[in-house]
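Remarks on the overall topology
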Amino acid sequence: MASNIKRIGVLTSGGDAPGMNAAVRAVVRACIYYDIEVFGIYKGYDGLINGNIEQLFVRSVSNILSRGGTFLLSARSQEFRTKAGRKKAFENFKSHNLDALVVVGGDGSFTGADIFSQEFDVPVIGVPGTIDNDLAGTDFTIGFDTACNTAREAIDKIRDTASSHERLFFVEVMGRDTGFIAVNSAIGGGAVAMIVPEHNWTLEKLIRRLQKGASNQKASNIVVVAEGCQLGNAYDIAGQVKERLDYFDIRVTVLGHLQRGGSPTTMDRVLASRLGVAAVEGLKQGQSKVMVGIINNQIAYTNIHEAVKTEKRLDSEEFRVAKILSI
Ligand code: F6P
């Protein structure tokens with residue numbers, strides 16, 4: 001069912017992710033290509049609430065494809081969580097004569113988009129932009145590949161010093177409640193183990209893995225720990241291991257927000273470009289309350305609520321491979 005959309009607003013929300021700029025560029029250029037006026041909303045939903053909105057043109061998005069962060073700025077809006085905040089947002093939406101909204105963000109941003117769309121019957125489409133890769137309805141989210149490369153590069157560097165001193169390092173990576181960055185950066189960086197929030201890894205299991213390596217003359221060890229693990233954070237786990245295996249010289253590195261910055265990889269730029277165009281085309285076709293993703297290299301529209309609520313599972317095959325290679 002074709003829609004009659006003439007003006008679209010676009011915003012970036014939640015934790016920034018490399019490739020968000022590329023996604024906004026794609027939304028803006030696709031709108032202009034299809035004769036739709038496009039408006040940038042600054043600072044996520046806060047910009048919609050405060051009317052921080054301006055029209056974007058084809059050259060407004062020049063030279064941003066390669067830049068990390070988001071030129072539209074981002075926020076985790078507390079006010080948009082309230083009905084009064086969303087009402088203000090809707091008033092600005094109407095006063096700017098917007099017909100639809102494109103939200104580039106992660107699960108929290110999509111939950112807000114879903115509620116807003118239902119409350120005010122506004123066409124909304126989500127573009128998955130989060131380093132966490134924790135959204136169903138797409139194989140990968142924008143920023144995930146760049147974050148994995150950043151974490152893996154850091155692990156490579158830590159490996160240099162770990163080997164020189166024959167040390168055991170615990171490297172903590174981001175991912176809030178999910179281990180996608182941990183798994184990819186651990187396999188890519190040759191880690192001896194990865195500990196993720198989704199799995200109930202015991203200390204015993206980790207000890208056995210480390211002992212096995214030691215008996216095989218493994219000189220340096222890197223254990224990748226995702227945030228939010230059941231065993232504790234990287235410092236907690238390092239402490240527990242030291243108590244059991246005091247012959248290890250242990251260090252801890254928490255990578256933190258550096259994983260969110262940097263120029264997006266080619267993978268992320270292409271993903272963001274495809275999804276930005278598909279968001280506009282989806283709205284033109286009458287799609288609403290969906291997230292646009294890519295599954296098996298095909299554009300797919302998934303109900304936004306399902307994209308957030310459906311658990312995206314880690315691939316057990318990757319754990320099997322990592323175990324084989326950890327000896
Ligand atoms: O959702 C992206 C993310 O980077 C998570 O991996 C991390 O737990 C969280 O954001 C950190 O949020 P903040 O930047 O608000 O501290």
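Shown above is the structure to which this text applies.
Report follows, based on the coordinates.

Rules behind the numbers
- Position numbers for residues count from 1 along each chain, tracking the sequence in the order it is written.
- Totals for whole chains, interfaces and linings use every residue, but because this is a predicted model, local features are given only for residues with pLDDT of at least 70 and side-chain atom pairs only at 80 or more, for both listing and counting.
- Neither water nor hydrogens contribute to the side-chain values; these are computed over all heavy atoms in the structure.
- In the sections that follow, a salt bridge refers to a side-chain nitrogen of Lys or Arg positioned within 4 Å of a carboxyl oxygen of Asp or Glu.
- Helical segments are the DSSP runs of H or I of at least four residues, strand segments are the runs of E of at least two, and each set is numbered from the N terminus.
- Burial classes follow relative accessibility: with a 1.4 Å probe on protein chains only, a residue under 20% of its type's maximum area counts as buried, one over 50% as exposed, and anything between as partly exposed.
- Pairing between strands is defined by DSSP: at least two bridges between them are needed.
- Interaxial angles span 0 to 180 degrees and are taken between N-to-C directions of axes, which are lines fitted to C-alpha atoms, for helices over the stretch in contact.
- The near set for a molecule or strand comprises every residue that places at least one heavy atom within 4 Å of it.
- N or O atoms closer than or at 3.5 Å make up a polar contact, with two conditions inside protein: a donor-capable atom paired with an acceptor-capable one, and, for residues adjacent in sequence, both atoms drawn from side chains.
- In short, Shrake-Rupley with a 1.4 Å probe defines the accessible areas, and a residue's cover is counted only from the protein chains shown.
- Cavity: a set of points on a 1 Å grid over the protein atoms alone where a 1.4 Å probe fits but cannot get out. Pocket: an open set with protein on both sides within 12 Å along at least five of seven lines, its lining residues, like those of a cavity, having an atom within 4 Å of a point.
- Just a note on the criterion: a molecule sits in a pocket or cavity if more than half of its atoms are within 2 Å of the grid points.
- Oblique is the label for every angle not falling under 35 degrees (roughly parallel), over 145 degrees (roughly antiparallel), or within 65 to 115 degrees (roughly perpendicular).
- Note: crossing handedness is left-handed where the near helix turns anticlockwise from the far helix by less than a right angle, and right-handed where it turns clockwise.
- For this analysis, residues touch if any pair of their heavy atoms sits within 4.5 Å.
- To form a nonpolar core, buried Ala, Val, Leu, Ile, Met, Phe, Trp, Tyr and Cys residues must be joined to one another through side-chain atoms within 4.5 Å.
- Exposure above 30% relative accessible area and the lack of any salt bridge qualify a residue for a patch; like charges then connect within 9 Å, and the nonpolar side chains Val, Leu, Ile, Met, Phe, Trp and Tyr within 5 Å.
- Under the counting rule used here, the positive set is Lys and Arg, the negative set is Asp and Glu, and His together with the chain ends is not counted.
- The atoms used to mark charge sites are NZ of Lys, CZ of Arg, CG of Asp and CD of Glu.
- Under the convention used throughout, the expected extent of a helix is 1.5 Å for every residue step, that is, one less than its residue count.
- This arc describes the spread of directions from the helix axis toward the C-beta atoms.

To continue, consider the pattern of salt bridges. By the definition in use, this model includes twelve salt bridges. Arg244 is paired through a salt bridge with Glu204; the nearest N and O atoms lie 2.8 Å apart. Of this pair, Arg244 sits in helix H8 (residues 234–244) while Glu204 sits in helix H7 (residues 203–215); the two residues are 40 residues apart in sequence, bridging distant segments of the chain. The exposure class of Arg244 is partly exposed, given its relative accessible area of 42%. The partner of Asp249 in a salt bridge is Arg251, and the shortest N-O contact between them spans 3.1 Å. Asp249 sits in the partly exposed class, given a relative accessible area of 32%. A cluster of three or more residues bridged by salt bridges with shared partners is formed by Arg167, Asp249 and Arg251.

It is worth spelling out the sheet that holds strand E8 (residues 221–226) at this point. Pairing within the open sheet is parallel, and its four strands lie in the order E7-E8-E6-E9. Both outer strands of the open sheet, strand E7 (193–195) and strand E9 (250–254), are each paired with one neighbouring strand and no more. For this sheet, the mean angle separating the axes of adjacent strands, direction not counted, is 20°. With five bridges connecting them, strand E6 (residues 168–173) and E9 associate as parallel partners. The partner of Val171 across the bridge, within E9, is Thr253.

Taken together, the neighbourhood of the ligand is formed by Arg76, Ile131, Asp132, Met174, Gly175, Arg176, Glu227, His257 and Arg260. One of the side-chain nitrogen or oxygen atoms of Arg76 is found 2.9 Å away from an oxygen atom of the ligand. A distance of 2.8 Å is found between an oxygen atom of the ligand and a side-chain nitrogen or oxygen belonging to His257. Calculation on the ligand without its partners gives an accessible area of 390 Å², and the protein chains cover 76% of this total. Applying the majority rule of atoms within 2 Å of the grid points places the ligand in the largest pocket.

To continue, consider the packing of helix H3 (residues 83–95) against helix H4 (residues 107–120). Between H3 and H4, whose axes approach to 11 Å, the crossing angle comes to 70°. Relative to H4, the element H3 lies roughly perpendicular. H3 and H4 meet at a crossing whose hand is right-handed. Across the interface between the two elements, Lys83, Arg86, Lys87, Ala89 and Phe90 from H3 touch Ile115, Phe116, Glu119 and Phe120 from H4.

Another aspect to go through is the nonpolar core. By size, the foremost hydrophobic cluster in this structure holds 85 residues, and its most contacted members are Phe170, Leu206, Val223 and Val241. Beyond its immediate stretch of four places on either side in the chain, Val223 contacts Leu168, Phe169, Phe170, Val171, Val192, Ala193, Ile195, Leu206 and Leu210. Grouped together as the second largest cluster of nonpolar side chains are 24 residues, Ile53, Ala113, Val124 and Ala307 included.

Attention now moves to a positive patch on the surface. A cluster of like positive charges, contributed by Lys205, Arg208, Lys212 and Lys323, occupies part of the molecular surface. Among the elements that line the positive patch, the one with the most residues is H7, at three residues. Position of Lys205 among the secondary structure elements: in helix H7. With relative accessibility at 38%, the residue Lys205 sits in the partly exposed group.

A cluster of nonpolar side chains, contributed by Ile32, Phe57 and Val58, occupies part of the molecular surface with about 230 Å² of accessible area. Relative to the assigned elements, Val58 resides in the loop between strand E3 (53–56) and H3. For Val58, a relative accessible area of 32% translates into the label partly exposed.

Here helix H5 (residues 144–165) contains 22 residues, and its C-alpha end-to-end distance of 31 Å stays within 8% of the 32 Å for a straight helix at 1.5 Å per residue. Here H5 has its buried residues at Phe144, Thr146, Ala147, Cys148, Thr150, Ala151, Ala154, Ile155, Ile158, Arg159 and Ala162. Contact partners of the buried residues in H5: E6, helix H6 (180–188), E8, E9 and helix H9 (266–284). Count one or two residues on from H5 and you reach Glu166, which has phi positive near 50°.

Let us now look at H3. In this model, H3 (13 residues) spans 18 Å end to end at C-alpha, consistent with the 18 Å of a helix rising 1.5 Å per residue. Those residues of H3 not exposed but buried are Gly85, Arg86, Ala89, Asn92 and Phe93. Taken around the axis of H3, the buried residues stretch over an arc of 120°, which confines them to a single face. The exposed set on the far side of H3, more than 90 degrees from its buried face, consists of Lys83 and Ala84. As for H3, its buried residues are in contact with helix H2 (45–50), E3, strand E4 (100–105) and H4. Once H3 ends, the next one or two residues include Asn97, with phi positive near 55°.

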